[in-house]
Amino acid sequence: MARRTAASSYDEGDVRVRPGRGSRPRSKLRPAHTDATPALVIAVDRGRYTCVLDGRTVTAMTARELGRKAVVVGDRVGLVGDVSGAPGTLARIVRVEERATVLRRTADDDDPVERIIVANADQLMIVTAVADPEPRPRLIDRALVAAFDAGIEPLLCLTKADLADPGPLLAAYAPLQVPAVVTRLAPGSSGADVGDVLQHLRDRVTVLVGHSGVGKSTLVNAVVPGADRATGRVNVVTGRGRHTSTSAVALALPDGGWVIDTPGIRSFGLAHVDPDRLILAFPDLAAETEDCPRGCTHADGEPECGLDAALAAGRVDADRLASYRRLLASRDRQAGD
Ligand SMILES: Nc1nc2c(ncn2[C@@H]2O[C@H](COP(=O)(O)OP(=O)(O)OP(=O)(O)O)[C@@H](O)[C@H]2O)c(=O)[nH]1
Ligand SMILES: [Zn+2]
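Residues numbered from 1 in each chain as written. Chains lettered and ligands numbered in written order. Predicted model: local features only at pLDDT ≥ 70, side-chain atom pairs only at ≥ 80, totals over all residues.

- Going by an unreviewed UniProt entry, the protein carries the name Small ribosomal subunit biogenesis GTPase RsgA and comes from Jiangella rhizosphaerae.
- Quoted straight from UniProt, the Subunit (unreviewed entry) entry for the protein says "Monomer. Associates with 30S ribosomal subunit, binds 16S rRNA." (UniProt positions renumbered as here; feature names shortened; annotations may be inferred.)

**Some words on the UniProt feature "binding site: Zn(2+)" (unreviewed entry) in the protein**
Working step 1: Under the feature "binding site: Zn(2+)" (unreviewed entry), the UniProt entry names C292, C296, H298 and C305.
Working step 2: Mapped onto the elements, C292 comes out in the loop between α7 (283–286) and α8 (306–312).
Working step 3: With residues up to four places along the chain from it excluded, the contact list for C292 reads H298, C305 and G306.
Working step 4: Tracing the backbone shows C296 in the loop between α7 and α8.
Working step 5: Taking the C-beta count within 10 Å as the criterion, C296 has 17 such neighbours and is therefore assigned partly exposed.
Working step 6: Once you skip the residues sitting within four places of it in the chain, C296 turns out to touch E302 and C305. (Helix = DSSP H or I, 4+ residues; strand = E, 2+ residues; numbered from the N terminus. Contact = placed C-beta atoms within 7 Å. Buried ≥ 20, exposed ≤ 12 C-beta atoms within 10 Å, placed from the backbone.)

**Comments concerning the site of ligand 1**
Working step 1: Neighbouring ligand 1 are 20 residues; S212, G215, K216, S217 and T218 lie closest to it.
Working step 2: For the shell around ligand 1, the elements supplying multiple residues, two or more each, are β11 (184–185) and α5 (216–223).
Working step 3: No other element matches the three residues that α5 contributes to the shell around ligand 1.
Working step 4: For the shell around ligand 1, a count of residues per class yields four nonpolar, eleven polar and five charged. (Near = placed C-beta within 6 Å. Nonpolar A, V, L, I, M, F, W, Y, C, P; charged D, E, K, R; others polar.)

**A look at the pairing of strand β8 (residues 123–129)**
It is a general feature of regular strands that their side chains alternate between the two faces of the sheet.
Working step 1: Burial within β8 is extensive, with seven of its seven residues counted as buried.
Working step 2: What you see with β8 is no split at all: Q123, M125, V127 and A129 on one side and L124, I126 and T128 on the other are buried throughout.
Working step 3: In the sheet, β8 pairs with strand β9 (residues 153–159) via seven bridges, with the strands oriented parallel. Bridging across to β9, M125 finds its partner in L155.
Working step 4: Chirality of the crossover, the property in question, places the unit of β8, helix α2 (residues 137–150) and β9 among those that are right-handed.
Working step 5: Alignment of β8 against strand β13 (residues 205–209), held across four bridges, turns out to be parallel. Across the sheet, Q123 pairs through a bridge with T206, a residue of β13. (Pairing = 2+ DSSP bridges. Right-handed = clockwise from strand over helix to strand, strands pointing away.)

Next comes the structure, spelled out in structure tokens:
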């Protein structure tokens with residue numbers, strides 16, 4: 001029985017399982033690799049992991065003892081072997097630290113499995129153009145739900161404010177009290193005037209999501225000098241679309257913090273989202289659900305939902321409740337909708 005427990009913990013990929021204070025012989029367990037060097041995974045490409053430690057870049061592969069556990073961008077790992085980063089060297093990842101947050105990408109036609117794409121992000125920047133392409137509020141809603149569910153703080157970024165007034169979109173999201181920033185093309189330049197975006201990014205690990213053409217690469221180039229993310233829809237050299245890579249990559253911000261660009265995310269799987277968890281992101285509303293019937297989803301039309309009583313009594317704001325319920329309902333829509 002005890003053996004099964006241990007084996008299943010290993011299946012979870014937790015290679016840091018330690019013997020319970022000398023109660024079992026050490027030799028039966030994996031080496032603890034107390035000498036492993038801590039590093040951060042910033043890119044993944046065909047079984048090779050780009051890691052940074054002490055400001056240098058080291059290429060690594062996963063050690064066999066990790067089993068099938070996936071290592072993703074943002075993971076904090078332990079490295080052994082040659083960690084010099086010298087050309088041609090390859091270190092080994094022997095452990096993956098417990099993840100504070102995980103962001104999942106929904107299953108789609110190309111890949112039927114829902115996968116973790118980024119670990120340990122603390123902010124999700126949802127990039128939307130105010131025009132060209134037109135905003136897609138349902139996608140914004142779904143990204144917000146994914147963020148709230150993952151315990152990652154959302155940040156709304158409205159780009160191309162030189163083309164249209166961001167006011168209506170800001171107003172539409174105001175009841176959710178999500179922080180928002182606005183960017184535009186800097187006059188006479190192809191670069192973005194990123195305004196106060198930087199101050200929201202400093203010292204944080206921010207994942208960027210947004211559909212094609214919203215100006216995500218333009219934004220990354222403006223906040224990470226030298227990032228050299230390709231902009232524009234088509235690669236002029238190859239003539240092909242430039243979606244050659246679908247994996248995330250972390251880029252260091254000059255003043256501390258990371259931005260993680262995610263070319264692969266088209267939408268989020270929300271089927272797993274639990275209403276009891278989502279409402280925790282709305283403490284004012286959550287306080288009104290204590291007397292809800294068991295199993296109440298707090299959705300529109302739920303009999304005797306405490307939120308309706310609170311609304312009738314004027315204890316909650318009607319726009320905020322409507323926004324919350326709209327987000328809740330976005331779980332039931334098609335992923336790409
Ligand atoms: N007018 C205006 N155009 C912008 C702005 N930001 C980006 N663009 C333009 O919008 C187009 C798309 O920008 P990208 O940065 O490549 O967009 P992206 O989101 O990275 O697109 P994908 O890589 O396809 O996902 C480019 O032609 C940019 O020059 C802006 O603030 N205002
Ligand atoms: Zn309820």
